[in-house]
Amino acid sequence: MTASGTEIEYQDGDTTCRGEYFLPPDTARPAPVVLVIHAWDGLVDEVRDKADRLAGAGYIAFAIDVYGDGKTWTDFSKVNEVLGPYLADRAMLRNRLLAALTAAASIPGADPERTGVMGYCFGGLCALDLARAADPRLTSAVSFHGSLLPSGLEEPDNISAAILVLHGEDDPLVPPEQVNALKAELTRKQADWQLVSYGHTVHAFTRPAANLPEIGAVYNESADRRSWQAMLNFFAETLGD
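Criteria and cut-off values
- Residues numbered from 1 in each chain as written.
- Predicted model: local features only at pLDDT ≥ 70, side-chain atom pairs only at ≥ 80, totals over all residues.
- Heavy atoms only, no water.
- Salt bridge = Lys/Arg side-chain N within 4 Å of Asp/Glu carboxyl O.
- Helix = DSSP H or I, 4+ residues; strand = E, 2+ residues; numbered from the N terminus.
- Buried < 20%, exposed > 50% of the residue type's maximum accessible area, 1.4 Å probe, protein only.
- Contact = heavy atoms within 4.5 Å.
- Pairing = 2+ DSSP bridges.
- Axes fitted to C-alpha atoms, helices over the stretch in contact; angles between N-to-C directions.
- Phe/Tyr/Trp six-rings, centres within 6.5 Å; stacked < 30°, edge-to-face > 60°.

Peer 1: Would you mind going over the pattern of salt bridges with me for this structure?
Peer 2: If the charged atoms of two oppositely charged side chains come close together, the side chains can form a pair. Applying the stated rule across the entire model yields 15 salt bridges. For Arg 18, the salt bridge goes to Asp 69, with nearest N and O atoms at 3.6 Å. Here the residue Arg 18 occupies a position in strand β2 (residues 15-22), and Asp 69 occupies one in the loop between β4 (60-63) and α2 (79-88), the gap between them amounting to 51 residues. Residues Arg 207 and Glu 46 are paired through a salt bridge, measuring 3.0 Å at the closest nitrogen-oxygen approach. With Arg 207 in the loop between β8 (193-198) and β9 (211-212) and Glu 46 in helix α1 (residues 45-56), this residue pair connects regions lying 161 residues apart in the sequence. For Arg 207, a relative accessible area of 12% puts it in the buried group. The partly exposed category is assigned to Glu 46, whose relative accessible area is 23%.

Okay, structure coming up:
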């Protein structure tokens with residue numbers, strides 16, 4: 001059965017975003033909150049289930065709505081049309097993410113001193129862009145098979161959030177040049193960063209429905225399991241008591 005969270009509306013200018021948050025079993029004391037950012041298809045049931053699973057590990061999981069109005073998509077042939085405006089205007093995207101970061105602090109029981117973000121594919125790019133903004137409210141960021149393209153924006157010289165990048169070594173959509181450029185950027189900005197690259201693994205390795213070998217997007221059970229554990233270890237270190 002698909003998990004169900006508590007709906008929360010928040011604004012970015014004229015756009016109303018419709019996220020959901022999932023609470024951990026122990027709500028007696030403030031808990032760290034983790035923004036969970038969807039892939040190209042929006043806040044779908046797969047995202048809810050991941051957020052619910054993260055809540056079970058002791059975090060407030062806030063599944064955010066990047067597109068606004070809860071829009072979701074199913075036709076993969078429209079992926080470039082869907083993502084195009086956000087990739088073309090990274091400043092707009094950053095503002096949308098910062099609006100979600102502000103909303104996270106309003107969730108009942110959230111500890112504003114311990115806030116992380118995780119994202120998948122497009123959401124992985126979003127997680128990195130939020131870290132690049134160097135907002136002091138953000139403690140740590142995790143990208144799962146995300147695009148690693150630079151934002152092209154004027155940004156602070158240093159990144160304060162710790163960063164974990166979980167990558168498929170054979171991902172044709174994120175070639176070695178992108179990986180090397182990100183490592184150079186994070187080093188230049190003095191970030192506390194880690195990169196884990198899973199062998200024999202391509203794009204979308206955490207998405208069970210992914211089966212598009214012709215473009216290099218295929219689920220990988222072992223990489224999915226290992227990357228989730230890597231994320232839990234990272235958040236335990238960066239967001240733990």
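Anyway, onward from the coordinates.
Peer 1: It is not clear to me how the environment of Leu 97 should be interpreted in this structure. Could you clarify?
Peer 2: Looking at where Leu 97 falls in the secondary structure, it is placed in helix α3 (residues 90-104). For Leu 97, a relative accessible area of 1% corresponds to the buried category. In sequence terms Leu 97 and Ile 37 are 60 residues apart; their C-alpha atoms lie 9.3 Å from each other. Apart from residues no more than four positions distant in its own chain, Leu 97 is found in contact with Ile 37, Ile 64, Val 66, Cys 126, Asp 129 and Leu 130.

Peer 1: How do you make sense of the sheet that holds strand β5 (residues 110-120) when you look at a structure like this?
Peer 2: Through backbone hydrogen bonds, the strands of a sheet pair up, either in parallel or in antiparallel fashion. With mixed pairing, the 8 strands of this open sheet are ordered in space as β1-β2-β4-β3-β5-β6-β7-β8. Since the sheet does not close on itself, it has two edges, and those belong to β1 (6-12) and β8, each with one partner. Averaged over all pairs of adjacent strands, the angle between strand axes in this sheet comes to 20°, irrespective of strand direction. As judged from the 6 bridges shared by strand β7 (residues 162-168) and β8, these two strands associate in the parallel manner. The residue bridging Gly 168 from the neighbouring strand is Tyr 198, located in β8. Taken strand by strand, helix α4 (residues 122-132) contacts β3 (31-37), β5, β6 (140-144) and β7, and its axis lies near 140° from that of β5.

Peer 1: Just checking my understanding: could you explain the packing of aromatic side chains for this structure?
Peer 2: Where two aromatic rings form a pair, the distance of their centres and the angle of their planes describe that pair. The full count for this structure, using the stated rule, is 9 aromatic pairs. Ring geometry for Tyr 67 against Tyr 86: centres 5.3 Å apart, planes inclined by 45°, an arrangement best described as tilted. In this pair, Tyr 67 sits in the loop between β4 and α2 while Tyr 86 sits in helix α2, placing the two residues 19 residues apart along the sequence. Tyr 86 matches Tyr 67 in its accessibility class, with the two residues each being buried. Ring centres of Phe 234 and Phe 235 lie 5.9 Å apart, and the angle between their planes is 45°; on these two criteria the pair is classed as tilted. The buried category is assigned to Phe 234, whose relative accessible area is 3%. Pairwise contacts between aromatic rings join Tyr 59, Phe 234 and Phe 235 into one cluster.

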